[in-house]
Amino acid sequence: MNIQGKVALITGASRGIGKAIALELAQQGVKRLILVARDRQKLAEVAQEIEKLGTETTIIALDLTQAVNVNIAIAQLWRSYGPIHLLVNCAGVAYQNSFLQTKLPQVQEELSVNLLGMYNLTSLIARRMASQKEGTIVNVSSLMGKVAAPTMATYSATKFAILGFTQALRRELAEHNIRVVALLPTLTDTDMVRDLKLFRGVTPMTPQQVAQALIIGLQKDSSEILVGWQSHLAVWCQNIAPWLLEIVLQLAAPKKQPQTNFITNFVTKIQHFRNSLLSRNRLAFGSARK
């Protein structure tokens with residue numbers, strides 16, 4: 001995608017990955033950035049940084065869970081600034097807790113912001129993109145959209161859903177010349193993450209690294225953009241040896257999992273894997289003799 005001279009709308013643009021993507025797009029020559037988040041003051045501060053780079057900005061203080069307000073805002077934006085060529089759905093919230101201690105209001109907030117808010121906004125913009133036969137939609141999922149993590153059950157569920165939503169839209173909107181891309185960063189050093197207990201052995205990336213990976217992915221027309229070697233390793237491990245990844249996740253979880261002897265479990269899994277290989281070899285040898 002050539003973003004020079006285009007108009008882009010970014011949600012969650014007041015901080016973290018959303019802010020980093022906005023700044024990176026400005027450096028790449030986007031014409032106008034529409035910055036959306038709930039905090040108007042922080043949006044104004046980001047807009048000042050971007051305008052120094054020569055990019056026009058518009059800030060919209062908006063709660064994405066308020067469907068009527070979102071509908072009105074998008075209609076006004078389209079009338080005022082014309083077509084939006086790039087939508088980056090980055091807004092999200094995350095709570096970390098044992099599933100058995102999870103509070104329903106937190107679950108409802110994660111579902112409302114991460115899924116329903118994104119769904120409604122995407123619907124409003126995608127219909128307009130379809131009428132102009134042009135557009136790119138980027139949905140920010142997570143490595144947790146492929147590899148679920150203990151203590152992050154609801155967040156993982158929303159990120160899995162975002163990935164499935166993205167894959168479905170990609171096939172459905174292709175006939176309208178609309179590209180739909182999934183961005184899957186690993187743990188990223190943002191304000192939201194600093195409130196969480198980190199998984200042992202995981203090195204956070206910077207928001208700038210995620211933003212740069214997105215630009216490279218857009219230039220290459222990638223449909224899914226995995227960010228960081230840890231993401232690639234985890235997905236590879238899940239595809240090849242999911243039992244090993246389960247043990248690694250249990251060992252890395254912020255709280256100790258009391259019910260398992262990890263070493264014994266690991267040895268048992270290795271033995272099962274070895275026995276499976278031996279069984280396959282015997283079958284292959286027997287077939288060859290016949």
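Preceding block: the structure.
Residues numbered from 1 in each chain as written. Predicted model: local features only at pLDDT ≥ 70, side-chain atom pairs only at ≥ 80, totals over all residues. Heavy atoms only, no water.

Visitor: Got a minute to help me understand the nonpolar core in this structure?
Guide: Buried together is how nonpolar side chains tend to be arranged in soluble globular proteins. Judged by nonpolar contacts, the single largest core of 35 residues is most densely connected at Ile21, Leu25, Leu33, Leu35 and Leu183. No other element matches helix 1 (residues 16-27), which puts 7 residues into this core. Each residue touching Leu25, except ones within four places of it in the same chain, is listed here: Ile3, Ala8, Ile10, Val30, Leu33, Leu86 and Ile215. Ile60, Leu87, Ala130 and Ile178 belong to the second largest nonpolar core, which has 29 residues in total. (Core = buried A, V, L, I, M, F, W, Y, C linked by side-chain atoms within 4.5 Å. Buried < 20%, exposed > 50% of the residue type's maximum accessible area, 1.4 Å probe, protein only. Helix = DSSP H or I, 4+ residues; strand = E, 2+ residues; numbered from the N terminus. Contact = heavy atoms within 4.5 Å.)

Visitor: Teacher, can you tell me more about the sheet that holds strand 5 (residues 135-140) here?
Guide: Each strand in a sheet pairs with another by means of backbone hydrogen bonds, the pair being arranged parallel or else antiparallel. Overall, parallel pairing links the 7 strands, which are arranged 3-2-1-4-5-6-7 in an open sheet. Of all strands in the sheet, those bounded by a partner on one side alone are strand 3 (56-61) and strand 7 (224-227). Pairs of neighbouring strands in the sheet enclose a mean axial angle of 15°, with direction left out of account. In this structure, strand 1 (residues 7-11) lies alongside strand 4 (residues 86-89), joined through 3 bridges in parallel fashion. (Pairing = 2+ DSSP bridges. Axes fitted to C-alpha atoms, helices over the stretch in contact; angles between N-to-C directions.)

Visitor: Sorry if this is basic, but what is going on with the packing of helix 3 (residues 67-81) against helix 4 (residues 104-132) here?
Guide: Each pair of packed helices can be described by the angle between their axes along with the distance between the axes. Contact geometry of helix 3 with helix 4 gives a least axis separation of 9 Å together with a crossing angle of 30°. By the angle class used here, helix 3 and helix 4 are roughly parallel. In this structure, the crossing between helix 3 and helix 4 has a hand that is right-handed. Side by side, helix 3 and helix 4 meet where Ala67, Val70, Asn71, Ile74, Ala75 and Trp78 of the first sit next to Asn120, Leu121, Leu124, Ile125, Arg128, Met129 and Gln132 of the second. (Parallel < 35°, antiparallel > 145°, perpendicular 65-115°, else oblique. Left-handed = near helix turned anticlockwise from the far one by under 90°.)

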